[in-house]
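If you want the building blocks of each chain, they are given just below.
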Amino acid sequence: MSTLPFGQDRALPDTAIEADVDASSAAIDRTAYEGQWSLIWRKFSRHRLGVAGGVVVVLLYIIAAAPDFFSPTGPEVYNPRYTYAPPQPIHFLLDTEEGVVFRPHVKAYNSVLDYDSGRRVFETSEEEIHAVGMFVSGEPYRLFGLIPTDIHLFGTLEKDAPFYLVGADRLGRDILTRTIHGARISMTIGLIGVGLSLFFGILIGGISGYFGGVTDNVIQRLIEFIQSVPSIPLWIGLAAAIPLDTPPLQVYFMITIILSIIGWTGLARVVRGRFLSMRGDDFVKAARLDGASTLRILFRHMLPSFMSHIIAVVTLAIPSMILAETALSYIGIGLRQPIVSWGVLLQEAQNVRTIAGAPWLMLPGAAVIIAVLSLNFLGDGLRDAADPYQN
């Protein structure tokens, strides 16, 4: 029997079922009033491959931001005694006089020249070992180009001890270190190239879709002409225009510009189609009657209405930029030594005999595959979440 005064018991739920129904209805009403970006994040967080790809992409860019810290040594440190040295596996247990103890280490190599084949043969030494640790002192560098330090995430406790976790190249340089440093160029060239393509694509595609008529016809014919030219001959022609004595940093920016010149056409077509469908909407007419400039209408009013779709398109375009840089550098018309990128590193894997004897030279190719797949998974997740109201 309720002890509340007459009339007050009607304001309370009669049963627990009614309370659950009210809670679920409140949750539905709460999602109905959420903003677009909140709904996009809610839908994207349920896309497992997209989330996993996003985590890997974030880790890759963290490594690319500070490759000296994450690599065990410097990218140009070499030792001719360890040419094409095989990977050194890390052993965690060590037999001592006191018994088996936990002590991460690698076994040293004894290199012997095989006069029949003309190659070095490496044998592991059971007596000589090199302890491995975290946050060890090594080659000095500047963290983020500013802070002088010599601390590396992992490596041997002995500063000059050879350590080839995944093998060495023809000059005795660590492949893992050079692959980590290659992420700085290969991952950032995609961002810069896509950034320039995004600017040109939105600007030219927006003007084409907003004005229409003769302007639209001229721009679309230009886009069709660029898309009809084969990509590889166009890359070769543009890259051949770069003088051989150009400094490596200038070559990097020129290759970025070359990739962006080719990559803006697809995004321009997408933006043009959306602007054609929106230019007659009431909010665009209101902004035009209010005296807003063309650029303000394009970037302040029309562009935010499908910004989520552009983010998805851009995320899917970055892998194409990475593959283009890798292909250009691999065939020798892109970046060149001493720049370290994944495409430059793969130049050493062009010889079948070299690959057969040193398959670890293909590690930069595995890094390209991981980066491209992760970016594609992230792009798929963002594309599915770009329309949060779609069932």
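As the structure is a prediction and not an experimental result, all values here were calculated from the model. (Residues numbered from 1 in each chain as written. Predicted model: local features only at pLDDT ≥ 70, side-chain atom pairs only at ≥ 80, totals over all residues. Heavy atoms only, no water.)

> How would you sum up a nonpolar patch on the surface? Please name residues and give values.
A contiguous nonpolar surface patch, about 660 Å² in accessible area, is contributed by Leu 191, Ile 192, Leu 196, Phe 199, Phe 200, Phe 253, Ile 257 and Ile 261. Elements that contribute at least two residues to the nonpolar patch include exactly helix H5 (175-211) and helix H8 (248-278). Using a relative accessible area of 32% as the deciding quantity, one classes Ile 192 as partly exposed. (Patch = residues over 30% accessible without salt bridge, like charges linked within 9 Å, V, L, I, M, F, W, Y side chains within 5 Å. Areas by Shrake-Rupley, 256 points an atom, 1.4 Å probe, with all protein chains shown as cover. Salt bridge = Lys/Arg side-chain N within 4 Å of Asp/Glu carboxyl O. Helix = DSSP H or I, 4+ residues; strand = E, 2+ residues; numbered from the N terminus. Buried < 20%, exposed > 50% of the residue type's maximum accessible area, 1.4 Å probe, protein only.)

> Please give an account of the packing of aromatic side chains that cites residues and values.
The geometry of an aromatic ring pair comes down to the distance between the two centres and the angle between the two planes. Taken as a whole and assessed by the stated rule, the structure comprises 10 aromatic pairs. Judged by centre distance (6.2 Å) and plane angle (15°), the rings of Tyr 82 and Phe 122 are stacked. Of this pair, Tyr 82 sits in the loop between helix H4 (67-70) and strand E1 (91-96) while Phe 122 sits in strand E3 (residues 119-143), and the two are 40 residues apart along the sequence. Accessibility classification places Tyr 82 together with Phe 122 in one group, the buried group. Ring plane angle 85° and centroid distance 5.2 Å describe the contact between Tyr 210 and Phe 211, whose orientation is recorded as edge-to-face. Members of the aromatic cluster, joined through ring pairs, are Tyr 82, Tyr 109, Phe 122 and Tyr 164. (Phe/Tyr/Trp six-rings, centres within 6.5 Å; stacked < 30°, edge-to-face > 60°.)

> Can you explain the nonpolar core? Please cite residues and give values.
Core analysis: the biggest nonpolar cluster contains 51 residues, and Ile 255, Leu 259, Met 302 and Leu 335 have the highest contact counts within it. Sorting elements by how many residues they give to this core places H8 first, with 10 residues. Here Met 302 is in contact with Tyr 210, Phe 275, Met 278, Arg 279, Phe 283, Val 284 and Ile 297, once residues within four sequence places are set aside. The next biggest cluster of nonpolar side chains, apart from the first, holds 10 residues, and it includes Ala 66, Phe 69, Tyr 141 and Ile 180. (Core = buried A, V, L, I, M, F, W, Y, C linked by side-chain atoms within 4.5 Å. Contact = heavy atoms within 4.5 Å.)

> Please provide a residue-by-residue account of the pairing of strand E4 (residues 147-156), values included.
Examined bridge by bridge, E3 and E4 share 8 bridges and lie antiparallel to one another. Looking at the pairing, Leu 143 lines up with Ile 147 of E4. Taking the residues between adjacent antiparallel strands as the criterion, E3 and E4 are bridged by 3 residues, where Phe 144 takes a positive phi near 60°. (Pairing = 2+ DSSP bridges.)

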